Amino acid sequence: MAIAATISLPITSPTRRHVSLLRPSSSSTTTQCILATPQRTLKYPNSRIVASSSSMSIDAPVKTSTFSFLDRKESGFLHFAKYHGLGNDFVLIDNRDSSEPKITAEKAVQLCDRNFGVGADGVIFVLPGINGTDYTMRIFNSDGSEPEMCGNGVRCFAKFVSQLENLHGRHSFTVHTGAGLIVPEIVEDGNVRVDMGEPILKSSDVPTTLPANKDGAVVKAELDVDEVTWNVTCVSMGNPHCITFSNKESQNLVVDELKLAEIGPKFENHKVFPARTNTEFVQILSNSHLKMRVWERGAGATLACGTGACATVVAAVLEGRAGRNCTVDLPGGPLQIEWREEDNHIYMTGSADLVFYGSLPL
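Residues numbered from 1 in each chain as written. Predicted model: local features only at pLDDT ≥ 70, side-chain atom pairs only at ≥ 80, totals over all residues. Heavy atoms only, no water.

S.K.: Go over the layout of surface pockets, please, and point to the residues and values.
M.R.: Where empty space is left in the structure can be found by rolling a water-sized probe over the atoms. Space inside the second largest pocket adds up to approximately 340 Å³. Taken together, 15 residues line the second largest pocket, and the ones lying closest to its centre are W230, N247, E249, L258 and K259. Put simply, the parts of the chain that give the lining of the second largest pocket at least two residues each are β15 (228-236) and α4 (260-268). In terms of residue class, the lining of the second largest pocket is built from seven nonpolar, three polar and five charged. (1 Å grid on protein atoms, 1.4 Å probe; cavity = no way out; pocket = protein on both sides within 12 Å on 5 of 7 lines; lining within 4 Å. Points joined across faces, edges and corners; volume = space filled by probe spheres on them. Helix = DSSP H or I, 4+ residues; strand = E, 2+ residues; numbered from the N terminus. Nonpolar A, V, L, I, M, F, W, Y, C, P; charged D, E, K, R; others polar.)

Next up, the structure:
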């Protein structure tokens, strides 16, 4: 599928760099967009690019250009914004005028393709709220499956809503998700703090068929994967997670040494997880500092997973490995996770950043 797109990058430098566009002949399938300084070539099939900077890093977007772009209503075109939460990237779509997503799961798979589409770990829709909430969040993974929730995605969702609604300062709103009510809050430093609710520990509700071994939960249970016996704890944050800190060969994992692409799918599709599972491989650095790599159900290895970081801290507490307030280092950066004893809720704080705006024909 060739995607014709208009892409606008936010300004990150006071110096505007102009774009020279070379239009293809009728037999050509690609357009070259060359930024004058420094020299760089970008290739998009049948596309036209509007760029304001040579860098893809983001400062706060210019307000006037943001809203004029997102307010476009041309028929036959899909306008979107691309955000990332610690490198876990998403296409965000303003779907407030309809309770059904504007595109199908199959189209989302095409958009997420990093060679022939926009490139993302998932597509997120901002829909009207239900059951008294301000908004509803739905997401299609890069494989077309629909997860209950996504921690990094909900932070990107919150930042996108703030752009759409022109909200300023500290503010929060309620979001209906497949995992229940989620309450994100934009804090003073621009990060997003999210009340992720209570963890689900009952084994049948995670779900897993592993037998419960601690007050109805699966904690540090043995699981054979790829001829290795792993110690796993199972937690749901509205979506299933299997967390491991050790196996019979290593009592303290060194996560950078893992061959994630080989072992991850075997956990995800293991028979003891009827809904498949996300899997977190965790290294203990201190009582309040963890290092994590993740294999996400439906997306594979990603740079970050917010619900996974939350589930990891719960598992670390249950196994007596860490305290309730931890920094979790992921390949894309850190998240601050707190599991409060007084209300049993988990609070996640981290960044969410705009990458670019774009539009493409439906």
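S.K.: Residues and numbers for the pattern of salt bridges, please.
M.R.: Scanning the entire structure with this criterion turns up 19 salt bridges. K102 is the salt-bridge partner of D97, the closest N and O atoms lying 4.0 Å from each other. A residue is classified by how much of its surface remains accessible, and D97, at 63% relative accessible area, is exposed. Classification of K102 by relative accessible area gives partly exposed; the value is 41%. (Salt bridge = Lys/Arg side-chain N within 4 Å of Asp/Glu carboxyl O. Buried < 20%, exposed > 50% of the residue type's maximum accessible area, 1.4 Å probe, protein only.)

S.K.: Go over helix α3 (residues 151-165) with me, naming the residues and quoting the values.
M.R.: Helix length check: α3 (15 residues) gives 21 Å between terminal C-alpha atoms against 21 Å at 1.5 Å per residue, within 8%. Of all the 15 residues making up α3, 14 are buried; the element is thus mostly covered by neighbouring parts of the structure. Downstream of α3 by a residue or two, N166 has a phi angle that is positive, lying close to 55 degrees. (Expected span 1.5 Å × (residues − 1).)

S.K.: Tell me about the nonpolar core, and name the residues and values.
M.R.: Judged by nonpolar contacts, the single largest core of 58 residues is most densely connected at F157, M196, L290, V328, I337, I346 and M348. Sort the elements by how many residues they give to this core and helix α5 (residues 306-318) lands first, with eight residues. Counting only domains with at least three residues in this core, you end up with domain 2 (82-197 + 352-362) and domain 3 (203-344). Setting aside its immediate chain neighbours within four residues, F157 contacts L92, I124, F125, V126, Y135, T136, M137 and V175. In terms of nonpolar packing, the next biggest core, distinct from the first, is built from 21 residues, L223, V225, V232 and L253 among them. (Core = buried A, V, L, I, M, F, W, Y, C linked by side-chain atoms within 4.5 Å. Domains from an automatic or database assignment. Contact = heavy atoms within 4.5 Å.)

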